[in-house]
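An overview of the molecular structure
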Amino acid sequence: MVLAGVLGLLIGSFLNVVIYRLPIMMERQWARDCQQWTGKADENTEVFNLSSPASHCPACNAPVRWHQNVPVVSYVLLRGRCSRCSARISPKYPLVELATAGLFSLCVARWGWSPAAALWCIFSAALLALAIIDWETTLLPDVIVLPLLWLGLIAADLQWTPASLPDALWGAVAGYLSLWSVYWAFKLVTGKEGMGFGDFKLLACLGAWFGWQMLIPLILLSSVVGTAVGLALKFRGELREGGYMPFGPFLAGAGFFCLVGSPRFILTHLGL
């Protein structure tokens, strides 16, 4: 568990890069696509991906040295400040690292050193990244969601998840179609879009990993918690412009709940 936790800290450090850079990469790709359609030249020639440019302080552009990039430890030693300009560093970074470490330790404690544990570690890291990206940008990148969906189906076929392959397949189908139906029903009644297509894919992904039997608990839990958080934000006047709130983080939270608790245990106590 300790070794898994250390690995989780390292992967969590990489997840911070993905969470920050992937939405920017997507937006720049959309801009390039628009420029190609309109025949305009791409004015932004800067290389920007997960490895370039090197990590630096956004306030003063000071490069982050290797000894300033040790997960959690560097944040504590630097007291959450840039070493050059003393700009504040968000506590999100060590929290993501600690969360990933905890999830990896949980997976190894539950499945041991096994391929199943490795797959659930991948699931945990990807779901954590999706939750934070969606909360910050309202985007659920296909480049993470779709491979995770296929990986869930493959893992079900190898019997490394609680769901059999038929249960996983129908979990993916029913998960997508359930929210797709809600989306169109809401749009036909109100003329507005109530959620994004990424939410459909994310629930399909969770259905592939946990089986169709867990869809009702997943939707119930995410809806109840999401409603409570939404009401709290509205009461405090902290809802975003337009009064919307992403649903993906709550779906991801329900997925983590199912990861921590046995699906059979959850279904039994819900009378399902």
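Relevant structure appears above.
Read on for an overview of the structure. Throughout, a residue's number is its position along its own chain's written sequence, starting from 1. Totals for whole chains, interfaces and linings use all residues, but because this is a predicted model, local features are given only for residues with pLDDT of at least 70 and pairs of side-chain atoms are given and counted only at 80 or more. In computing side-chain properties, one takes all heavy atoms of the structure into account and sets aside hydrogens as well as water.

Okay, the pattern of salt bridges next. The salt bridge criterion pairs a side-chain nitrogen of Lys or Arg with a carboxyl oxygen of Asp or Glu, the two atoms within 4 Å. By the definition in use, this model includes three salt bridges. Put simply, glutamate 136 and lysine 92 hold a salt bridge, and the shortest N to O gap is 3.0 Å. Highlighted residues: glutamate 136 in helix H4 (residues 115-137) and lysine 92 in helix H3 (residues 92-111), separated in sequence by 44 residues. Residue glutamate 136 is classed as partly exposed on the basis of its relative accessible area of 39%. Here lysine 201 ties to aspartate 142 by a salt bridge, and the two come within 2.9 Å at their closest N and O atoms. Of this pair, lysine 201 sits in helix H7 (residues 197-210) while aspartate 142 sits in helix H5 (residues 142-157), placing them 59 residues apart in sequence. Judged by relative accessible area, which is 21%, lysine 201 ranks as partly exposed. Labels follow the DSSP assignment, with helices taken as runs of H or I lasting at least four residues and strands as runs of E lasting at least two, numbered in each case from the N terminus. A simple rule labels every residue: compare its accessible area, found with a 1.4 Å probe on the protein chains alone, to the largest value its type can have, and call it buried under 20%, exposed over 50%, or partly exposed in between.

Once that is clear, we can look at the side chain of serine 74. As for its position among the elements, serine 74 is in helix H2 (residues 73-77). The exposure class of serine 74 is buried, given its relative accessible area of 4%. In protein, a polar contact requires one atom able to donate a hydrogen and another able to accept it; more generally it is a pair of N or O atoms within 3.5 Å, and residues adjacent in sequence count only if both atoms are side-chain atoms. Of note is the side chain of serine 74, whose polar atom sits 2.8 Å from the backbone nitrogen of valine 70. Only heavy atoms matter for contacts: two residues are in contact if any of them lie within 4.5 Å across the pair. Among all residues touching serine 74, those that are not within four sequence positions of it are His67, Gln68 and Asn69.

What follows deals with the packing of aromatic side chains. For this analysis, a ring pair means two rings from Phe, Tyr or Trp (six-membered ring only for Trp) whose centres lie within 6.5 Å, classed as stacked if their planes differ by under 30 degrees, edge-to-face if by over 60, and tilted for the remaining angles. Tallied over the full model, the rule gives 12 aromatic pairs. Look at tryptophan 111 and tryptophan 120: their rings are 5.3 Å apart centre to centre, the planes differ by 5 degrees, and that puts the pair in the stacked class. For tryptophan 111, a relative accessible area of 25% corresponds to the partly exposed category. Judged by relative accessible area, tryptophan 120 falls into the buried class, the value being 1%. Taken together, Trp111, Trp120, Phe123, Trp209 and Phe210 form an aromatic cluster joined through their ring pairs.

Omega for the bond connecting serine 52 with proline 53 falls within 30 degrees of zero, at 0 degrees, which places this linkage in the cis form. As for its position among the elements, proline 53 is in the loop between helix H1 (2-38) and H2. You will see that valine 72, though not glycine, has its phi angle at about 65 degrees, which is positive. By the secondary structure assignment, valine 72 is in the loop between H1 and H2. Residues other than glycine seldom take positive phi values, yet threonine 138 does so here, at roughly 60 degrees. Among the secondary structure elements, threonine 138 is positioned in the loop between H4 and H5.

Turning to its location among the elements, threonine 100 is positioned in helix H3. Using a relative accessible area of 1% as the deciding quantity, one classes threonine 100 as buried.

Cysteine sulfur atoms that come within 2.5 Å of each other are treated as a disulfide pair. Under the definition given, this model contains zero disulfides. Free of any disulfide, cysteine 85 has its nearest neighbouring cysteine sulfur in cysteine 60, separated by 3.6 Å.

In this section: H3. Expected helix span is given by 1.5 Å per residue-to-residue step, counting one fewer step than there are residues. Under the 1.5 Å per step criterion, the end-to-end length of H3 is 28 Å for 20 residues, consistent within 8% with the ideal 28 Å. Taken as a whole, H3 has its buried residues at Lys92, Pro94, Val96, Glu97, Thr100, Ala101, Leu103, Phe104, Ser105, Cys107 and Val108. Structurally, H3 contributes buried residues whose contacts are with H1, H2, H4 and helix H9 (248-260). Looking at the residues trailing H3, positive phi occurs at glycine 112, about 70 degrees.

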